[in-house]
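Chain by chain, the residues:
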Amino acid sequence: MDISIAFITQNRKEELKRAIISCMPGLPARHEFIFVDNGSTDGTREMIKSMLEGKHRYVYRYNASNLGVAGARNQAFRMSSGKYVFFLDDDAVVASENFWLHLISFMERHGNVVAASVDIQEPLCGTDLNCRYKHRAGNIMEIVSFCGCAHILRAAFYKKFPRLYPNRLMFGSEEFYASNLAWKERRCVAEYRKIKVAHYPSKRNRHRGKDRDLDLIVNQYIIKKLNYPVITQPLVWLAYMFHKWHNGFVGKRWSQEVEKRIAERYRREDTARMSFFVWMSLIKKFGWKMI
């Protein structure tokens with residue numbers, strides 16, 4: 001199998017249908033679709049079957065409870081059989097001609113790249129979703145972390161790890177963990193902007209506002225605790241405290257909520273630390289803000 005195209009979805013039948021249709025032009029002959037459904041009740045399963053049954057290989061899994069993005073992506077990755085796994089958000093669309101040809105060719109040419117984002121834009125509001133922390137290395141644009149909306153993974157590299165992400169992260173910055181796994185092993189995370197994906201944020205089940213901000217802060221702190229060298233942990237804690245204060249998460253109420261989320265999501269068995277040498281090389285490439 002050349003490529004597995006994976007979707008995580010919940011009650012976004014029409015958006016998912018649009019996303020699937022956008023993937024059809026130029027698909028490699030050896031492809032499959034992977035769907036992890038976090039409890040849809042809107043006929044998503046039936047829509048997938050009517051579109052793909054007898055025409056394309058696909059695998060569908062239904063979860064009675066919502067595992068969040070992190071847990072569901074772990075499931076989708078384990079279900080896939082492709083040399084490459086491409087994750088596309090269910091409210092996004094492929095927006096370039098010859099998308100699959102260019103994407104797979106890029107990965108074939110650059111064997112040290114194990115994860116890559118494409119050019120991701122939100123046309124309705126003009127937002128650029130591409131990573132801000134970049135470093136040019138020859139003809140490759142390295143990025144500190146890929147964007148989950150549209151990214152490709154080299155399956156053989158990631159299958160040697162127990163999981164892509166800590167299962168309990170739910171939503172928010174989970175891509176940073178998988179990116180750190182790549183850097184830890186001195187492999188590369190890249191940006192390939194010759195092909196595009198357009199993201200149209202769905203109003204259904206959209207994680208937003210203060211709750212989203214808190215999840216981002218908590219998850220980034222957990223990931224850095226799990227991935228960064230022990231010697232850097234005081235800096236990690238100081239950066240975490242600053243982000244809490246800067247975003248207004250102060251006082252007893254917020255402190256209790258933060259500690260609750262950390263207790264629910266942090267698991268020591270997810271520890272996968274990079275060396276201090278690797279960490280310093282990332283600082284040199286991407287700057288101190290990545291702390």
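Right above here is the structure, for reference.
Now for a quick tour of the structure. Quick caveat, the model's predicted, so the values are computed rather than measured. (Residues numbered from 1 in each chain as written. Predicted model: local features only at pLDDT ≥ 70, side-chain atom pairs only at ≥ 80, totals over all residues. Heavy atoms only, no water.)

1. What about the overall build of the protein chain?
(1) Moving on: Scanning the protein chain from N- to C-terminus turns up ten helices and eleven strands.
(2) Moving on: Scaling as 2.2 N^0.38, a compact globule of 291 residues should have a C-alpha radius of gyration of about 19 Å, and the protein chain matches this with 19 Å.
(3) Moving on: Seen along its three principal axes, the alpha-carbon backbone of the protein chain occupies a region of about 55 × 45 × 35 Å.
(4) Moving on: Excluding contacts between residues fewer than 6 apart, the proportion of contacts in the protein chain whose partners are at least 24 apart in sequence is 80%.
(5) Moving on: For the protein chain, the computed accessible surface area is about 13,500 Å², with 54% contributed by carbon and sulfur atoms.
(6) Moving on: Within the protein chain, one finds 48 positive and 29 negative side-chain charges whose respective centroids are separated by 5 Å. (Helix = DSSP H or I, 4+ residues; strand = E, 2+ residues; numbered from the N terminus. Rg over C-alpha atoms; globule rule 2.2 N^0.38 Å. Contact = heavy atoms within 4.5 Å. Areas by Shrake-Rupley, 256 points an atom, 1.4 Å probe, with all protein chains shown as cover. Lys, Arg positive; Asp, Glu negative; His and termini not counted. Charge placed at Lys NZ, Arg CZ, Asp CG, Glu CD.)

2. A short note on helix α6 (residues 174-184)
(1) Moving on: Summarising burial for α6: ten of the eleven residues are buried, a large majority.
(2) Moving on: Considered for burial, the residues of α6 that qualify are E174, E175, F176, Y177, A178, S179, N180, L181, A182 and W183.
(3) Moving on: Looking one or two places after α6, you find R186, whose phi comes out positive at around 60 degrees. (Buried < 20%, exposed > 50% of the residue type's maximum accessible area, 1.4 Å probe, protein only.)

3. Overview of the pattern of salt bridges
(1) Moving on: According to the stated counting rule, one finds 20 salt bridges in the structure shown.
(2) Moving on: Between R73 and E174 there is a salt bridge whose closest N-O contact spans 3.1 Å. Note that R73 is positioned in helix α3 (residues 68-79) and E174 in helix α6, a separation of 101 residues in sequence.
(3) Moving on: We note a salt bridge from R193 to D128, for which the minimum N-O separation is 3.4 Å. Of this pair, R193 sits in strand β11 (residues 188-199) while D128 sits in strand β7 (residues 127-128), and the two are 65 residues apart along the sequence.
(4) Moving on: Judged by its relative accessible area of 32%, R193 falls in the partly exposed class. (Salt bridge = Lys/Arg side-chain N within 4 Å of Asp/Glu carboxyl O.)

4. Examining the state of the cysteines
(1) Moving on: Per the stated rule, a full pass over the model turns up zero disulfides.
(2) Moving on: In this model C149 remains outside any disulfide bridge; the closest cysteine sulfur is found in C147, 5.3 Å from its own.
(3) Moving on: According to the relative accessible area criterion, C149 is buried, its value standing at 5%. (Disulfide = S-S within 2.5 Å.)

5. Considerations on unusual backbone geometry
(1) Moving on: Its identity is not glycine, yet S173 carries a phi of approximately 65 degrees, on the positive side.
(2) Moving on: As for its placement among the helices and strands, S173 is situated in the loop between α5 (155-158) and α6.
(3) Moving on: Of note in this structure, R186 is not a glycine but carries a positive phi near 60 degrees.
(4) Moving on: Relative to the helices and strands, R186 resides in the loop between α6 and β11.
(5) Moving on: Residue class for R186 comes out exposed when judged on its relative accessible area of 52%.

6. Some details on helix α4 (residues 99-109)
(1) Moving on: If you check which residues of α4 are buried, you get F99, W100, L103, I104, F106 and M107. Relative to the axis of α4, the buried residues are bounded by an arc of 150 degrees and lie together on one face. (Arc of directions from axis to C-beta.)

7. Some thoughts on the side chain of S22
(1) Moving on: Looking at the element boundaries, S22 is found in helix α1 (residues 13-23).
(2) Moving on: Among the polar contacts listed, one links the side chain of S22 to the backbone oxygen of A19, at a separation of 2.7 Å.
(3) Moving on: Excluding residues within four positions of it along the chain, S22 makes contact with L88, V93 and V94. (Polar contact = N/O pair within 3.5 Å; in protein donor to acceptor, adjacent residues only side chain to side chain.)

8. With respect to the environment of E264
(1) Moving on: Here E264 is to be found in helix α9 (residues 252-265).
(2) Moving on: E264 sits in the partly exposed class, given a relative accessible area of 38%.
(3) Moving on: Remark: the alpha-carbon pair of E264 and E142, spanning 122 residues in sequence, is separated by 33 Å.

9. So, the pairing of β11
(1) Moving on: Most of β11 is tucked away: nine of the twelve residues are buried.
(2) Moving on: Relative to β11, strand β5 (residues 92-94) runs antiparallel, the two being bridged by three bridges. Across the sheet, residue A92 finds its bridge partner in β11, namely H199.
(3) Moving on: As paired strands, strand β6 (residues 113-122) and β11 are joined by eight bridges and run parallel to one another. Counterpart to Q121 in the pairing with β11 is A198. (Pairing = 2+ DSSP bridges.)

10. Observations regarding the packing of helix α7 (residues 209-227) against helix α8 (residues 233-246)
(1) Moving on: Remark: α7 packs on α8, axes separated minimally by 10 Å, with the N-to-C direction vectors making an angle of 180 degrees. In terms of axis orientation, α7 runs roughly antiparallel to α8. From α7, I217, Y221, K224 and K225 reach across to α8, where they touch Q233, V236, W237, Y240, H243 and K244.
(2) Moving on: For the contact of α7 with α8, the class distribution of residues is five nonpolar, two polar and three charged. (Axes fitted to C-alpha atoms, helices over the stretch in contact; angles between N-to-C directions. Parallel < 35°, antiparallel > 145°, perpendicular 65-115°, else oblique. Nonpolar A, V, L, I, M, F, W, Y, C, P; charged D, E, K, R; others polar.)

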